[in-house]
2 protein chains.
Amino acid sequence: MSLKRVSVIGSGNWGSTIAKIVGNNIRKFPEYVSEVRMWVFEEMIDGRKLTDIINTSHENVKYLPNIKLPENVIADPDVKSAARDADILVIVMPHQFLNRTLAEMKPVVKPTSCAISLMKGLALSDVHGIRLLTDCIRDVLNIPCAALMGANLATEVSQENYCEATIGVDDPKMGSELKKLFQTDYFRIVVIKDEVGTELCGALKNIVAVAAGIIEGLGFGDNTKAAVIRLGFMEMKNFIYEFFGDRHPQEGTFLESCGVADLITTCYGGRNKQMGIALATTNEPLAQLEKERLKGQSAQGPLTAAEVYAMLERKGLLEKYPLFTAVHKVCTRQFDPKNFICCLANHPEHR
Amino acid sequence: MSLKRVSVIGSGNWGSTIAKIVGNNIRKFPEYVSEVRMWVFEEMIDGRKLTDIINTSHENVKYLPNIKLPENVIADPDVKSAARDADILVIVMPHQFLNRTLAEMKPVVKPTSCAISLMKGLALSDVHGIRLLTDCIRDVLNIPCAALMGANLATEVSQENYCEATIGVDDPKMGSELKKLFQTDYFRIVVIKDEVGTELCGALKNIVAVAAGIIEGLGFGDNTKAAVIRLGFMEMKNFIYEFFGDRHPQEGTFLESCGVADLITTCYGGRNKQMGIALATTNEPLAQLEKERLKGQSAQGPLTAAEVYAMLERKGLLEKYPLFTAVHKVCTRQFDPKNFICCLANHPEHR
């Protein structure tokens, strides 16, 4: 039997962090090739190729500076060569490039392989409305795909601070294999069977974080903020059951790291909350605020809110999701954030 | 048919706040006597009786200053006279005085009345181990008793900031009656059937808040804090099922205001978190820290942790609850807080 191989497709701060973990772990397992190929979108850094820097100094100086990567993590600028012969594909890239990259990888992907997505977001399609990123992977590559989510700030994980993650995967055998590759003393994995719930919590929580920021920006206290976070959490849950109920999301998922823990972390720190505060305390358009305060990076929450809003509007369900709706309207400046609380005064949860 | 009557037993900051809400609401319902009697433990304030001050200036100057109470809230220094003829008893007092007060009230309590407890804590008994405060009320007064819990900081509620609360009550008819009396535009009530889950979340969350404070005091980031909060949440859940499983706690309760929202609020602010930080950053004994930093008030979390620890030890279950156990040992200085994370490294959740 030939040895198994893991490849990491993507090398941002989260991708590099997870490559570090898998690279260290894999050496313990004789059934695996110890080399972990990592696809790196090639860039020039001070006249040197980023892949060369990673392969000689074992550091992703651009996206994860000051963290040593294990020497068995090999940067590869060619996604086909990185993905070829892999038994497990760890997919962790900016999701706007996902479809293009999948198309490129497709011819070389082993039919017996499996994937795990670490991406937090949603895809949009004219046919399906909102689409899971893992469904894009499953459909194009025709392999099973798990999701790893949780309260995982890449910088903290790369510094080996204790945290948890959730792997959602239908197949328990695939689940224990993945857990073995990812779990360390400081990165604690819980495997659950709920693939869609796990993935959707990771995407939808960013909308709630914008709401939490708006409330903070308006000067409300901890009480009100906790109420808003909870109502957002309930809308996440209802949304998941409403649109993905046929795929059996589970109540328990909301108490996992991908649910409550990731929600808490995101509502108390990070870009989406920051944008919420900015929206509540200025009159500037979102694009301007992102430019000024996120150095041109974008926050995921407003995008996800727009996608969710489009889906709810099409189905005539806006009234069931007053918080999601209000976030989108504040982000697009159709609605004064000062009235945010009014939208919640008669929330369906309280009827 | 005679008019119904509501009495509030207790007049601290939370008792006075709830009296304000009920006093305002009750005037809308013709089936109720508009007067709400509130039992006040008599004290002298600058030479005047606190009850006289409340009944003339309609303000509880000691426990809820600067908030006007409705004129139909009548302070009564005699608990028997306050409780007599009441159809609904709202019980909200420091729980160390509960048994004594119940014994005093017992002879005058209407057999057809019902109670609702707003107290967050546990009682201990040699016979039962840990006991619910509502069980003390049920047993002594022989009437049904609901619980109102949630992320409810009295000061914020008294200022009419938007928040939510959970009423746990077995009888749906009693539930809708109670909701009518407590719900306002800013104080939003969800009624659920899980009496014990509602009450226990309110008590156990304080242990988790001490843990969150310890982690913050040790300098860990949001990620680790979220993981610790979640593990504490899972221990709360397991504890409730382990010791009160025969009373049918419900999974959904943990997503209500009494669950996740109250937990978040308590882990990001308040005395218990503050004590956790102090325990992690000094070597002083808890009593000394409470004296210095809480002006002699005590924090509920360490007490609850001690009660829970005693119960777990007796049943040989300490290993299933490493976070609860570690909190108690840090509070009693049997264990160096620096090693707190080690206790979680092999948490049962991750096996």
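- Going by an unreviewed UniProt entry, chain A carries the name Glycerol-3-phosphate dehydrogenase [NAD(+)] and comes from Schistosoma japonicum.
- In UniProt, chain A has this text filed under Catalytic activity (unreviewed entry): "sn-glycerol 3-phosphate + NAD(+) = dihydroxyacetone phosphate + NADH + H(+)".
- As recorded by UniProt, the Sequence similarities (unreviewed entry) comment attached to chain A reads in full: "Belongs to the NAD-dependent glycerol-3-phosphate dehydrogenase family."

Re the interface of chain B and chain A
No. 1: Facing the 47 residues of chain B at the interface are 47 residues of chain A.
No. 2: Summing the contributions of chain B and of chain A, the shared interface buries around 3,800 Å²; its carbon and sulfur component is 57%.
No. 3: Interface area lost by chain B to chain A is led by Tyr162, Asn223 and Leu255 of chain B, which between them contribute 22%.
No. 4: The interface formed by chain B and chain A holds four salt bridges in total.
No. 5: Taking the shortest distance from any N to any O, the salt bridge between glutamate 256 of chain B and arginine 230 of chain A comes out at 3.3 Å.
No. 6: The interface formed by chain B and chain A includes 24 residue pairs in polar contact (both at pLDDT 80 or more).
No. 7: Contributing elements (two or more residues each) for the side of chain B that touches chain A: helix H6 (154-158), strand E11 (163-168), strand E12 (187-192), helix H9 (222-244), helix H10 (257-268) and helix H15 (340-344) of chain B.
No. 8: Top element by residues in the side of chain B that touches chain A is H9 of chain B. It accounts for eleven residues.
No. 9: Class assignment for the residues of the side of chain B that touches chain A results in 23 nonpolar, twelve polar and twelve charged.

Remarks on the relation of the copies chain B and chain A
No. 1: Superposition record for chain B on chain A: RMSD 0.0 Å, screw rotation 180°, translation along axis 0.0 Å. Both copies of the chain, as the preceding transformation shows, are related through a two-fold rotation axis.
No. 2: Looking at the interface residues of chain B, 100% of them are also at the interface in chain A, so both copies use one shared face.

Remarks on the packing of aromatic side chains
Residues and elements named next belong to chain A.
No. 1: Going through the model one piece at a time under the given rule, you end up with 13 aromatic pairs over all chains.
No. 2: Note on phenylalanine 233 and phenylalanine 254: the rings are 6.0 Å apart at their centroids and 80° apart in plane angle, and the pair reads as edge-to-face. Of this pair, phenylalanine 233 sits in helix H9 (residues 222-244) while phenylalanine 254 sits in the loop between H9 and helix H10 (257-268), placing them 21 residues apart in sequence.
No. 3: Lying across the ring of phenylalanine 29, lysine 180 places its NZ or CZ 4.7 Å from the centre.

Some remarks on the environment of phenylalanine 41 of chain B
Residues and elements named next belong to chain B.
No. 1: Examined against the element boundaries, phenylalanine 41 turns out to sit in the loop between strand E2 (36-39) and strand E3 (44-45).
No. 2: Classification of phenylalanine 41 as exposed rests on a relative accessible area of 58%.
No. 3: Considering only alpha carbons, one finds phenylalanine 41 and alanine 115, 74 residues apart in sequence, at a separation of 19 Å.

Some details on the sheet that holds strand E10 (residues 145-149) of chain A
Residue and element names in this part refer to chain A.
No. 1: With mixed pairing, the eight strands of this open sheet are ordered in space as E5-E2-E1-E6-E7-E10-E11-E12. Each edge of the open sheet is held by one strand with a lone partner, namely strand E5 (73-76) and strand E12 (187-192). Strand-to-strand, the axes of this sheet are offset by a mean angle of 25°, without reference to chain direction.
No. 2: Summarising the sheet, strand E1 (residues 4-9) and strand E2 (residues 32-39) pair through five bridges and their orientation is parallel. The residue bridging serine 7 from the neighbouring strand is arginine 37, located in E2.
No. 3: Sheet contacts for helix H4 (residues 98-105): E1, E2 and strand E6 (88-91); angle to E6, the most-contacted strand, approximately 160°.
No. 4: Lying over the sheet, helix H7 (residues 172-182) contacts E1, E2, E6, strand E7 (114-117), E10, strand E11 (163-168) and E12, oriented at roughly 175° with respect to E12.

Observations regarding the UniProt feature "active site" (unreviewed entry) in chain A
All names here are of chain A.
No. 1: As annotated by UniProt and renumbered to match this structure, "active site" (unreviewed entry) occupies Lys205.
No. 2: Along the chain, the position of lysine 205 falls in helix H8 (residues 195-217).
No. 3: Not counting residues within four places of it along the chain, the set of residues in contact with lysine 205 comprises Lys120, Met236, Asp262, Leu263 and Thr266.
No. 4: Of the polar contacts made by the side chain of lysine 205, one reaches the backbone oxygen of glycine 202; its length is 2.8 Å.

Thoughts on the confidence of the model for chain A
No. 1: Per-residue pLDDT for chain A averages 95, and the proportion of residues at 70 or more is 99%.
No. 2: Scored as a complex, the prediction yields pTM 0.95 and ipTM 0.94.

Concerning the UniProt feature "binding site: substrate" (unreviewed entry) in chain A
Residues and elements named next belong to chain A.
No. 1: What UniProt calls "binding site: substrate" (unreviewed entry) maps, in this numbering, to Lys120, Arg271 and Asn272. The named residues occupy 153 residues along the chain; their greatest pairwise C-alpha distance, 13.9 Å, places them in one compact cluster.
No. 2: Relative to the helices and strands, arginine 271 is located in helix H11 (residues 271-281).
No. 3: The class for arginine 271 is partly exposed, based on a relative accessible area of 35%.
No. 4: Following the sequence through the fold, asparagine 272 ends up in helix H11.
No. 5: When sequence neighbours within four positions are dropped, the list of residues in contact with asparagine 272 reads Asn206, Ala209, Val210, Ala299, Gln300, Gly301 and Pro302.

Observations regarding the pairing of E11 of chain B
Residues and elements named next belong to chain B.
No. 1: For E11, a buried count of six out of six residues is recorded, marking the element as mostly surrounded by other parts of the structure.
No. 2: Side chains of E11 alternate between two faces, with Cys163, Ala165 and Ile167 and Glu164, Thr166 and Gly168 buried alike.
No. 3: Pairing geometry for strand E10 (residues 145-149) and E11, over three bridges, is antiparallel. Within E11, the position partnered with alanine 147 by the bridge is glycine 168.
No. 4: Bridging between E11 and E12 involves six bridges; their strand directions are parallel. Looking at the pairing, cysteine 163 lines up with phenylalanine 187 of E12.

Some remarks on the packing of H9 of chain B against helix H14 (residues 322-331) of chain B
Residues and elements named next belong to chain B.
No. 1: At a closest axis distance of 8 Å, the pairing of H9 and H14 adopts a crossing angle of 105°. Classified by the interaxial angle, the pair formed by H9 and H14 is roughly perpendicular. Along its contact with H9, which presents Val228, Leu231, Gly232, Glu235, Met236 and Phe239, the element H14 presents Pro322, Leu323 and Phe324.
No. 2: Among the residues forming the contact of H9 with H14, the class breakdown is seven nonpolar, one polar and one charged.

Considerations on the sheet that holds strand E5 (residues 73-76) of chain B
Sheet strands associate in pairs through backbone hydrogen bonding, adopting either a parallel or an antiparallel arrangement.
Residue and element names in this part refer to chain B.
No. 1: The strand order across the open sheet formed by eight strands is E5-E2-E1-E6-E7-E10-E11-E12, and the pairing between neighbours is mixed. Taken across any chain shown, the strands that pair with only one partner, and hence form the sheet edges, are E5 and E12. Across this sheet, the average inter-strand angle for adjacent strands is 25°, counted without regard to direction.
No. 2: One ladder, built from four bridges, connects E2 with E5; its direction is parallel. Looking across to E5, one finds that arginine 37 is bridged to isoleucine 74.
No. 3: Relative to E2, helix H1 (residues 13-26) is tilted by about 170°, and along the sheet it contacts strand E1 (6-9), E2, E5, strand E6 (88-91), E10 and E12.

Each value, and the rule that gives it
- Residues numbered from 1 in each chain as written.
- Chains lettered and ligands numbered in written order.
- Predicted model: local features only at pLDDT ≥ 70, side-chain atom pairs only at ≥ 80, totals over all residues.
- Heavy atoms only, no water.
- UniProt positions renumbered as here; feature names shortened; annotations may be inferred.
- Contact = heavy atoms within 4.5 Å.
- Buried area = accessible area lost by both parts, 1.4 Å probe.
- Salt bridge = Lys/Arg side-chain N within 4 Å of Asp/Glu carboxyl O.
- Polar contact = N/O pair within 3.5 Å; in protein donor to acceptor, adjacent residues only side chain to side chain.
- Helix = DSSP H or I, 4+ residues; strand = E, 2+ residues; numbered from the N terminus.
- Nonpolar A, V, L, I, M, F, W, Y, C, P; charged D, E, K, R; others polar.
- Least-squares fit on C-alpha atoms with pLDDT ≥ 70 in both.
- Phe/Tyr/Trp six-rings, centres within 6.5 Å; stacked < 30°, edge-to-face > 60°.
- Lys NZ or Arg CZ within 6 Å of the ring centre and 35° of its normal.
- Buried < 20%, exposed > 50% of the residue type's maximum accessible area, 1.4 Å probe, protein only.
- Pairing = 2+ DSSP bridges.
- Axes fitted to C-alpha atoms, helices over the stretch in contact; angles between N-to-C directions.
- pLDDT = per-residue confidence, 0-100.
- Parallel < 35°, antiparallel > 145°, perpendicular 65-115°, else oblique.

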